[in-house]
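This is what each chain is made of:
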Amino acid sequence: MDISWDDLRTVLALVRGGTLASAAQDLGVAYTTVARRIARVEAAMGVTLFERLADGYKPTETAKLVAEHAAQMEQSQDALLRGVSGRDKRLTGTLTITAPQLLIGPALGPVIDAFCKTYPEVRLDVRATNTPLDLARREADLAIRISREPGDSLMGLRLVEQQMAAFAAPDVADCIAQDHQSPIDWLNYAAFEDVPKGVDPSWPNHRVRIRFDDMVAILGAAQAGLGVARVPFFLGRTTVGLVQVPVLPPQPYMDIWIVAHRDVWPSAKVTAFREILTTHMRANRALYVA
């Protein structure tokens, strides 16, 4: 029986994802390739691994067994490649970093520019997402995260502490300054039902006007003069058309960390990026706190 690693990885991806499209996205191939590989494995093993249902592929017990062993093989492969990467002393090749989208411009733009100029033979791939990528599975070499802790299995370095405060368009800020009795219209993130705790009692009238499920939308609404937004200092201070308003004293917010898997942390490329990032962030600490 001759079954390739690609075929076993495909079984694992389909067990994890449940659909051809999900497995294809995980593997970076077309969904037709996933279907073809599954059919090839089933033919080689002489068994049916998945029930084809209208809403996806349901794994059989045999498929789960194959996926279990494939996962162990994947972990061994990832550990091997992480170990090799951690010993890499070259400042060439590819470095993949991940960070929240809103950090890319104001916080990381100068760092990325400096790194690319200093190490032109390193190709920098940036994966901008708020979803934490799996560094053990090598979805990225290092991550910049807004978090209270880096994660038990990772090496982490806290770059800066953060605070948040209230920001609004200048016209809204002027109205707030002139009339302490006017309603303060808050633009809330969807997870928060009520106005922020700790508002200044000098402004007694507060209400939630609109709730959003996206921070970019909140910033846009604040720029348009729709209300007051509670955002981290670095966002409020670097977003054109927003000024700080005194209706909410500065409050603690999650720190910014750089993290990587312990195996990868010593590599030359990760070390080089980490040094530039750490120097820049700590030199600009005032951007993040009151």
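Up top is the structure.
Residues numbered from 1 in each chain as written. Predicted model: local features only at pLDDT ≥ 70, side-chain atom pairs only at ≥ 80, totals over all residues. Heavy atoms only, no water.

Student: Could you give an account of the pattern of salt bridges, naming the residues involved and the relevant values?
Tutor: For the coordinates displayed, the defined rule picks out 12 salt bridges. Salt-bridge contacts for Arg9 lead to Asp6; the nearest nitrogen and oxygen are separated by 3.4 Å. Taken as a pair, Arg9 and Asp6 lie in helix α1 (residues 5-17) at a separation of three residues, close to a single helical turn. Its relative accessible area of 36% is what places Asp6 among the partly exposed residues. (Salt bridge = Lys/Arg side-chain N within 4 Å of Asp/Glu carboxyl O. Helix = DSSP H or I, 4+ residues; strand = E, 2+ residues; numbered from the N terminus. Buried < 20%, exposed > 50% of the residue type's maximum accessible area, 1.4 Å probe, protein only.)

Student: Let's hear about the packing of aromatic side chains: which residues, and what values?
Tutor: In total, this model carries five aromatic pairs according to the counting rule given. Taking the centre distance of 5.2 Å and the plane angle of 45° together, the rings of Phe115 and Tyr119 count as tilted. Ring geometry for Phe167 and Phe233: centres 6.0 Å apart, planes at 90°, overall edge-to-face. Taken together, the residues span a long stretch of sequence, with Phe167 in strand β6 (residues 154-168) and Phe233 in helix α8 (residues 233-238) at a distance of 66 residues. With relative accessibility at 0%, the residue Phe233 sits in the buried group. Positioned above the aromatic ring of Phe192 is the side chain of Arg230, whose terminal nitrogen or guanidinium carbon lies 5.3 Å from the ring centre. When the ring centre of Trp265 is taken as reference, the NZ or CZ atom of Arg274 above it lies at 4.1 Å. (Phe/Tyr/Trp six-rings, centres within 6.5 Å; stacked < 30°, edge-to-face > 60°. Lys NZ or Arg CZ within 6 Å of the ring centre and 35° of its normal.)

Student: Got a sec to walk through helix α5 (residues 101-118)? Specific residues and values, please.
Tutor: Spanning 18 residues, α5 covers 23 Å between terminal C-alpha atoms, matching the ideal 26 Å at 1.5 Å per step. Three or more residues of α5 are buried, namely Leu103, Ala107, Leu108, Val111, Ile112 and Phe115. (Expected span 1.5 Å × (residues − 1).)

Student: I'd love a proper account of the pairing of strand β1 (residues 50-53), names of residues and values included.
Tutor: Where β1 meets strand β2 (residues 56-59), four bridges bridge the pair, whose relative direction is antiparallel. By the bridge assignment for β2, Leu53 is matched with Gly56. Counting the residues that bridge the hairpin from β1 to β2 gives two residues. (Pairing = 2+ DSSP bridges.)

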